[in-house]
2 protein chains.
Amino acid sequence: MSRPTLALIGATGAVGTVMRDIVSTRDDVWGEIRLVASPRSAGKVLRVRGEDVVVRALAPEVFDGVDIAIFDVPDEVSAEWVPIAAQRGAVVIDKSGTFRMDPDVPLVVPEVNPGDARDRPRNIISTPNCTTLSMMAAMGALHAEYGLRELVVASYQAVSGSGVAGSARLYDEIEALAGDRSIGQTAGDVRKALANKLPDESPFPAPVAFNVVPWAGSYKDGGWASEELKLRNESRKILGIPDLKVSATCVRVPVITTHSLAVHARFEREITVADAHRVLEAAPTVVLMDDPANGVFPTPADVVGTDPTYVGRVRQAVDFPNTLDLFVCGDNLRKGAALNAAEIAELVATEF
Amino acid sequence: MSRPTLALIGATGAVGTVMRDIVSTRDDVWGEIRLVASPRSAGKVLRVRGEDVVVRALAPEVFDGVDIAIFDVPDEVSAEWVPIAAQRGAVVIDKSGTFRMDPDVPLVVPEVNPGDARDRPRNIISTPNCTTLSMMAAMGALHAEYGLRELVVASYQAVSGSGVAGSARLYDEIEALAGDRSIGQTAGDVRKALANKLPDESPFPAPVAFNVVPWAGSYKDGGWASEELKLRNESRKILGIPDLKVSATCVRVPVITTHSLAVHARFEREITVADAHRVLEAAPTVVLMDDPANGVFPTPADVVGTDPTYVGRVRQAVDFPNTLDLFVCGDNLRKGAALNAAEIAELVATEF
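Remember, predicted model here, so these are calculated numbers, not experimental data.

Secondary structure summary: chain A contains nine helices and 16 strands in total. Reported as C-alpha extents along the three principal axes, the dimensions of chain A are approximately 55 × 55 × 40 Å. The buried share of chain A, taken over its 352 residues, is 61%. Expressed as a percentage of contacts within chain A between residues at least 6 apart in sequence, the contacts between residues at least 24 apart total 68%. The averaged location of the 47 negative side-chain charges in chain A is 2 Å from the averaged location of its 35 positive side-chain charges.

Moving on, we come to the sheet that holds strand E1 (residues 6–9) of chain B. Backbone hydrogen bonds are what pair the strands of a sheet, in a parallel or an antiparallel way. All names here are of chain B. One open sheet accounts for six strands, arranged E5-E2-E1-E6-E7-E8; its pairing is parallel. This sheet does not close on itself; its edge strands, each paired only once, are strand E5 (56–57) and strand E8 (124–126). Inspection of the sheet shows E1 paired to strand E2 (residues 33–37) by four bridges, in the parallel sense. Note that in E2 the partner of Ala-7 across the bridge is Arg-34. Taken strand by strand, helix H1 (residues 14–25) contacts E1, E2 and strand E6 (68–71), and its axis lies near 160° from that of E1.

This part is about the sheet that holds strand E1 (residues 6–9) of chain A. Residue and element names in this part refer to chain A. Reading across the sheet, the six strands line up as E5-E2-E1-E6-E7-E8 and stay open at both edges, with parallel pairing between neighbours. Because the sheet does not close on itself, it has two edges, and the strands there are strand E5 (56–57) and strand E8 (124–126). Of the strand pairs in this sheet, strand E7 (residues 91–94) and E8 are connected by three bridges, and their pairing is parallel. Bridge pairing in E8 places Ile-93 opposite Ile-125. The sheet strands contacting helix H2 (residues 75–87) are strand E6 (68–71), E7 and E8, and the helix crosses E7 at an angle near 155°.

Counted at 1.5 Å a residue, the expected span for helix H9 (residues 334–349) of chain A with its 16 residues is 22 Å, but the 19 Å between its end C-alpha atoms falls short. Counting buried positions over the 16 residues of H9 of chain A gives 14, a clear majority of the element.

With respect to the element layout, Thr-306 of chain A can be found in the loop between helix H8 (300–303) and strand E15 (309–316). The class for Thr-306 of chain A is buried, based on a relative accessible area of 19%. For Thr-306 of chain A, the side chain forms a polar contact with the main-chain oxygen of Val-303 of chain A, separated by 2.6 Å. With residues near it in sequence (within four places) discarded, Thr-306 of chain A still touches Asp-331 and Arg-334 of chain A together with Ala-187 of chain B.

Attention now goes to the pattern of salt bridges. Oppositely charged side chains are able to pair whenever their charged atoms sit close together. Using the criterion set out here, one finds 49 salt bridges over all chains in the structure. With its nearest N and O atoms 3.0 Å apart, the salt bridge here joins Glu-175 of chain A to Arg-181 of chain B. Here Glu-175 of chain A, found in helix H4 (residues 163–177), pairs with Arg-181 of chain B, found in the loop between helix H4 (163–177) and helix H5 (189–195), and the two come from separate chains. Note on Glu-175 of chain A: relative accessible area 37%, which makes it partly exposed.

Taken together, the 79 residues of chain A in the interface contact 80 residues of chain B. When chain A packs against chain B, the two sides together hide about 6,200 Å² of surface, and 62% of this comes from carbon and sulfur. The three residues of chain A that bury the most area against chain B are Tyr-171, Arg-181 and Phe-210 of chain A, which together make up 11% of that side's buried surface. Linking chain A to chain B there are 14 salt bridges. Between Arg-313 of chain A and Glu-228 of chain B there is a salt bridge; the shortest N-O distance is 2.7 Å. Applying the counting criterion to the chain A and chain B interface returns 42 residue pairs in polar contact (both at pLDDT 80 or more).

With an RMSD of 0.0 Å, the operation that places chain A on chain B is a rotation of 180° combined with a shift of 0.0 Å along the axis. Read as a symmetry element, the transformation amounts to a two-fold axis. Looking at the interface residues of chain A, 100% of them are also at the interface in chain B, so both copies use one shared face.

Okay, helix H3 (residues 130–146) of chain A next. All names here are of chain A. With 17 residues, H3 extends 24 Å between its outermost C-alpha atoms, agreeing within 8% with the 24 Å of an ideal straight helix rising 1.5 Å per residue. Of all the bends in H3, the greatest, near 50°, is centred on Met-136. By the criterion of burial, H3 is predominantly enclosed, with 14 of the 17 residues buried. Its side-chain oxygen placed 2.8 Å from the backbone nitrogen of Thr-131, Asn-129 serves as the N-cap of H3. Gly-147 occupies a position one or two residues after H3 and carries a positive phi of about 70°.

Here we take up the environment of Val-208 of chain B. Residue and element names in this part refer to chain B. Tracing the backbone shows Val-208 in the loop between H5 and strand E10 (219–220). Look at Val-208 and you get buried, because its relative accessible area is 0%. Residues Val-208 and Val-190, 18 residues apart in the sequence, show an inter-C-alpha distance of 9.4 Å. In this view, Val-208 contacts Val-159, Leu-170, Glu-173, Val-213, Arg-252, Val-253 and Pro-254; residues no more than four positions away in its chain are not counted.

As for its placement among the helices and strands, Thr-249 of chain B is situated in strand E12 (residues 245–249). Spatially, the C-alpha atom of Thr-249 of chain B lies 7.4 Å from that of Pro-214 of chain B, the residues being 35 residues apart in sequence. In contact with Thr-249 of chain B, other than residues within four places in its own chain, are Tyr-156, Ala-262, Arg-315, Asp-325 and Phe-327 of chain A together with Val-153, Ala-154, Ser-155 and Glu-228 of chain B. One polar contact links Thr-249 of chain B to Arg-315 of chain A, side chain to side chain, over a distance of 2.9 Å.

Cut-offs and rules
Residues numbered from 1 in each chain as written. Chains lettered and ligands numbered in written order. Predicted model: local features only at pLDDT ≥ 70, side-chain atom pairs only at ≥ 80, totals over all residues. Heavy atoms only, no water. Helix = DSSP H or I, 4+ residues; strand = E, 2+ residues; numbered from the N terminus. Buried < 20%, exposed > 50% of the residue type's maximum accessible area, 1.4 Å probe, protein only. Contact = heavy atoms within 4.5 Å. Lys, Arg positive; Asp, Glu negative; His and termini not counted. Charge placed at Lys NZ, Arg CZ, Asp CG, Glu CD. Pairing = 2+ DSSP bridges. Axes fitted to C-alpha atoms, helices over the stretch in contact; angles between N-to-C directions. Expected span 1.5 Å × (residues − 1). Polar contact = N/O pair within 3.5 Å; in protein donor to acceptor, adjacent residues only side chain to side chain. Salt bridge = Lys/Arg side-chain N within 4 Å of Asp/Glu carboxyl O. Buried area = accessible area lost by both parts, 1.4 Å probe. Least-squares fit on C-alpha atoms with pLDDT ≥ 70 in both. Bend = angle between axes of the 7 residues up to and from the residue.

Structural data, given as structure tokens:
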């Protein structure tokens, strides 16, 4: 086995920053690591594995000699540049939504469907949306034993899902509103207070401090938000259940990092809380925190910055057969993005 | 028709404050209005209908001559004092959980089951939990035409649901954390920052600023939180559907006032988005805000301090027959508490 050359495209963004940390702290299987970003960021010097690396501008030549390229860039940048990298011989692991539903591109969560990563006719592997990923390790483990049939999901999505600008906006809004104890008492008062202190432009369609915003992504037919349909379609593809029934409502909450999901899951076979505990405790990347009588359940504040998928509040539905209700948390920048991509890259690296 | 005497028990709390505002601004059908609270608050002077009223300490005599008494006090205080008031001849409207499931006590939402208020063998009428109430006007209207069969609900509950102390805690936490842009980046950092600045005691079992907390109420068998079971049992009783299937996950979010709910609702009959829009637009206390392509959906910041139930994000479930997904917001101190109690009191007042 030789040490493949890795390129990180989008090295300066929210996910890119976590990615540099992740490749610096996990088992080092890499030869050269190249950092690539937009021409605006080219020339910056960033640390990876304790070494200074000069960021290169995205161009066809940066892929020369690259074995594996991880892309974390906007959809339209992926659409243009991923095929170029793949044609130049790199196995591309793409974080964007562009190729996820392409039948010739596997969509991989290493704990769930690692074998799919080997069948990649376009030389591209996609990594799922962060909201889907937040629950996949847990739901994959339960599905393997009990056969998942239906999912009803409501999300509590962190602002860093909208990148560095998302986190900055929540910090800005909190600073603008802190100390005013009349905030949150009258319709429109949050908007009014912000209008005096912050520019209107925001990554979110409504104030996110002292508020929740039932919208994530772009508008789709039938009133769906793109993030809600991704959760449906990607879950079906990753789990290999083409007829899985899914309904999701995606809501942004004033949390910096870590997505949470309230999940109502019906299975083919009868399943108890004890059954679910046994499966989840045995799943290597899942942490079970489920003793609510003693205040034990996961919350974003205790999950952020860590790798596992956390599960708590496991309950047998009172009125629905073979059904569990549960609460899942996962760091949307780590397992939800950079970590999953790094794990796929490590899977591919074993082929070299 | 004569003007009945009204007593407000718990006049100084979070709901009591809103209640004084509500009886001061709605059509005035009342004779005397008496304010009652714990001995600690007795002697305080508070404004009602533009007049100063001295708060009286809770005692059997304060109910002499009272026609209707609205109680907003803890469960154990209701358990002791509601029967005393009812025996002294007052019709009691009780906000606590104590009597809600008593078959001899009607549980009333005036838009949904006003007739139930007349059949009150114990002289007591209960008003529902704020989370249940936040969706009841909307779900009642849809049920009346399409026959509700199943509800899967995830809540986004405001901190004022835990009273004045709940709001104070969120303001305190926000002030303690504002300005520190490392908050929300590392597991435990919110707890650590708060430990240096605030006392540990909180109405909530985890930090609520920059966080969400999947717990509301007390521990019940099977890992359920009391609030989740209330939502099930109270919805069945109010809607008159004893076999309604319900699963709920209740989550506290950093919002001061206004509960939101993501609702997945299956009906007996086929229902489209257009059907739901027609029903909800015709419902007098429901406001439909549903044009997400143009950024129109309800959020707590625009709902707080107002009376209606707001509905948006109405979607026909892709994979589930006869099923809608929707997002509902309601001010938990107004329709969720004080307003519903005042509306029941006004219903009863028409009998005088």
